[in-house]
Structures are given as C-alpha cells and as structure tokens.
Amino acid sequence: MFTALKVLNNNVVMACDEKNVECIVVGKGIGFSKKPGDVINERIEKVYYLQEKANVMKFSELLDNIRDEVIGISEELIAYAESVKGRKLNEHIHIALPDHIAFAIERIKGGIDIKNPFNQEISALYKDDYKIALRAIDLINDRLNVRLPEDEAGFIALHLHAAFENSGVSVTMKNTRLVSELVKSIEEMIGRKIETDSIDYLRLITHLKFAVDRIERGMPISNELLLPIKRKFKKAYKIAATIAKLIGNSLGMNVPEDEIGYLAIHIQRLMNDVQKPD
C-alpha cells in the first residue's frame, strides 16, 4: 500500500510506502483523481526507489524546478523502456531524462532548432533504444503540445543506451562520433559513398562499434584468417590498418592485428563484394 504525496500525471505518482520511504509509483490511471494523502493499492506496474543519496537530492530539485508533466512522462518512458528490453536502467536516468527533455522543450519554445549530426548512426547502432525514443517524441509532442523533431530522438536514445549499459552519455556520444568519422574516412579511401540505408552501411557501423568496444575493454579476438586476408586483400588491409591507427589515436590504445583483419574483410566487401578467403 502506498500513500500519494504528489500526483505527476494520471499514470505517475510520488508516494511513500508503509515504512514511509518515498518512491515513484507508475501504473495506468493510478494518478487519476488522486490527491496527496490518498491511498494507492491497485494498478501498480512499477515502483522505483532512488538508492543513491545524491540522486535523491537531485530528484527533489527536479520536482521543484521542472514541470510535473515532464517528470511524469519521463517516468512512463523509463518504465516502458525497461519492459521492452527486459532490463533495468541505471537509476540516474530518473534525473538525466527529465532534465534533458525539459531543456529540449525550452530550446524549441525559444525558437532554437535541435540538430543531431549523428542521428543516422545512432538510429542504426542503437536500434531498440531509438525506437523507444521515437515513442518518447510522439508522447511528449502529444501530451505537452510541442514539436520536438526526430533529431531529438537520437539524443534520448543515447541517454537510454548509456543508462542500460551503466556508462556515461559522453562516452556513448564519443564512440558514436568516432564511428561516424571512421565511416567517412573509409568512404574517402575506397572512393565511394556508402548509402546509409544499405545493409553494407549497417554491417560496417555495427562492426566498428563492437570493435571499438572490444578494444576499449581489452577483449582481444582471434582471427585464424589473418594471414590469407593480408595476402589476398592487400589494399583492403592497408585501408583497415589506417583506420586502426585512427581508432588507436582516439582511444590511446593499440589495435590488434586480428581486429584489423576482420575490418579488412568488411572493407573488401565494400570495395567489390569479394567473399572471405578460403
């Protein structure tokens, strides 16, 4: 049983439990016609407790400075994202997401365009998070009578991805920017543009993302085809080695030859669709 402290919207209520511990309660219609002091004991879908003292303090500040509707929508989206992916988000998302959404709305209402130069990469690299973010944009625009552009979905997706992976948004953004720069360098070296809606593009950026993750985490992989790749795909391997230097310079780490070999296969496929060597 929970006691309502503050109704954020029809589906989200700040409450306290039987031990008088504050929490966020989410459920369809649980806030409808409720007032502070009313009991909530049905339709409850999610209950969130903020464990870290710093997050409790920051959330309290948000309640004082951000519209209840923005916090309410953010909590609905957090619950929806967790149900879709079957995973818990880092609790900092309860502060980061409403704060970001409030700032985005402020910019749009102030006549400032929201542009995301990496939206294409984000939508391809973090497909599930991006789909959730698109739902978020629709919900925000419908409920709050604003018009956030699709580019904003990329920024929301980054927040979600970072919270699912327990990493900072800045780290996720840094790696997304790096992948984008690597693709441009590859395009220059192979002499053709890679269509962003093609399977070649999706394969390449997905490989680059996981390669960067492996290198950053020091998780080497074995490539039994390395020698035939170097012998048969000389130009592709040379390009891959150049790309590896860019990765190494960005991360401050060495890129193993085995990784370079796998990247060479992708580059070779982009150049002339030749299959792996036997």
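Please read all numbers here as calculations on a predicted model, not as lab measurements. (Residues numbered from 1 in each chain as written. Predicted model: local features only at pLDDT ≥ 70, side-chain atom pairs only at ≥ 80, totals over all residues. Heavy atoms only, no water.)

Turning to the overall build of the protein chain, a few remarks are in order. Helix and strand content of the protein chain: 11 helices and 5 strands. Taken along its principal axes, the extent of the C-alpha atoms in the protein chain is 75 × 40 × 30 Å. When each of the 278 residues of the protein chain is scored for burial, the buried share is 50%. Taking the contacts inside the protein chain whose residues are at least 6 apart along the sequence as the reference set, 64% of them involve residues at least 24 apart. (Helix = DSSP H or I, 4+ residues; strand = E, 2+ residues; numbered from the N terminus. Buried < 20%, exposed > 50% of the residue type's maximum accessible area, 1.4 Å probe, protein only. Contact = heavy atoms within 4.5 Å.)

Within the structure shown, the criterion is met by 0 aromatic pairs. Note that Lys-85 overlies the ring of Phe-164, its terminal NZ or CZ placed 4.4 Å from the centroid. The lysine or arginine in question, Arg-135, covers the ring of Tyr-80, its NZ or CZ lying 3.9 Å from the ring centre. (Phe/Tyr/Trp six-rings, centres within 6.5 Å; stacked < 30°, edge-to-face > 60°. Lys NZ or Arg CZ within 6 Å of the ring centre and 35° of its normal.)

The next thing to look at is the pairing of strand 2 (residues 12-16). Within strand 2, 5 of the 5 residues are buried, which leaves the element mostly enclosed by the surrounding structure. Side chains Val-12, Met-14 and Cys-16 project from strand 2 onto one buried face, and the interleaved Val-13 and Ala-15 project onto a second face that is buried too. Here strand 2 runs beside strand 3 (residues 22-26); their pairing, made up of 5 bridges, is antiparallel. Across the sheet, residue Ala-15 finds its bridge partner in strand 3, namely Cys-23. (Pairing = 2+ DSSP bridges.)

Inspection of the secondary structure assignment puts Asn-119 in helix 4 (residues 119-125). Under the relative-accessibility criterion, Asn-119 is labelled buried at 9%. When the C-alpha positions of Asn-119 and Lys-245 are compared, they lie 25 Å apart, and in sequence the two are 126 residues distant.

Taken domain by domain, the protein chain consists of domain 1 (1-49), domain 2 (51-167) and domain 3 (178-273). Look at where the C-alpha atoms of domain 1 and domain 3 centre, and you get two points 50 Å apart. (Domains from an automatic or database assignment.)

Below, the discussion takes up the nonpolar core. Core analysis: the largest hydrophobic core is formed by 82 residues, its most contacted members being Phe-59, Ile-140 and Ile-156. Discounting chain neighbours no more than four positions away, the residues touching Phe-59 are Met-14, Ile-24, Leu-50, Ile-71, Glu-75, His-94 and Ile-95. Core analysis: the second largest hydrophobic core is formed by 8 residues, Val-13, Val-25, Ile-30 and Ile-40 among them. (Core = buried A, V, L, I, M, F, W, Y, C linked by side-chain atoms within 4.5 Å.)

By secondary structure assignment, the location of Gly-252 is in the loop between helix 10 (234-251) and helix 11 (257-272). Note: C-alpha distance between Gly-252 and Glu-216 (36 residues apart in sequence) is 9.2 Å.

With that out of the way, let us pick up empty space enclosed by the protein. For the coordinates displayed, the defined rule picks out 2 cavities of 30 Å³ or more. Estimates place the volume of the largest cavity at around 60 Å³. Every residue lining the largest cavity is listed: His-207, Leu-208, Ala-211, Ile-215, Ala-244, Ile-247, Val-255, Glu-259, Ile-260 and Leu-263. Of all the elements in the fold, those that place two or more residues in the lining of the largest cavity are helix 8 (199-217), helix 10 and helix 11. Considering every element that reaches the lining of the largest cavity, the biggest residue donor is helix 8, with 4 residues. Taken together, the residues of the lining of the largest cavity break down into 8 nonpolar, 1 polar and 1 charged. (1 Å grid on protein atoms, 1.4 Å probe; cavity = no way out; pocket = protein on both sides within 12 Å on 5 of 7 lines; lining within 4 Å. Points joined across faces, edges and corners; volume = space filled by probe spheres on them. Nonpolar A, V, L, I, M, F, W, Y, C, P; charged D, E, K, R; others polar.)

Where side chains of opposite charge bring their charged atoms close, a pairing between them can arise. The final tally for this structure, using the stated rule, is 13 salt bridges. Residue Asp-129 is joined to Lys-85 by a salt bridge in which the shortest nitrogen-to-oxygen separation is 2.9 Å. Linking Asp-129 in helix 5 (residues 127-144) with Lys-85 in helix 2 (residues 68-85), this pair joins segments that are 44 residues apart in sequence. Residue Asp-213 is joined to Lys-209 by a salt bridge in which the shortest nitrogen-to-oxygen separation is 3.2 Å. Of this pair, Asp-213 and Lys-209 both sit in helix 8, 4 residues apart, which is roughly one turn of the helix. (Salt bridge = Lys/Arg side-chain N within 4 Å of Asp/Glu carboxyl O.)

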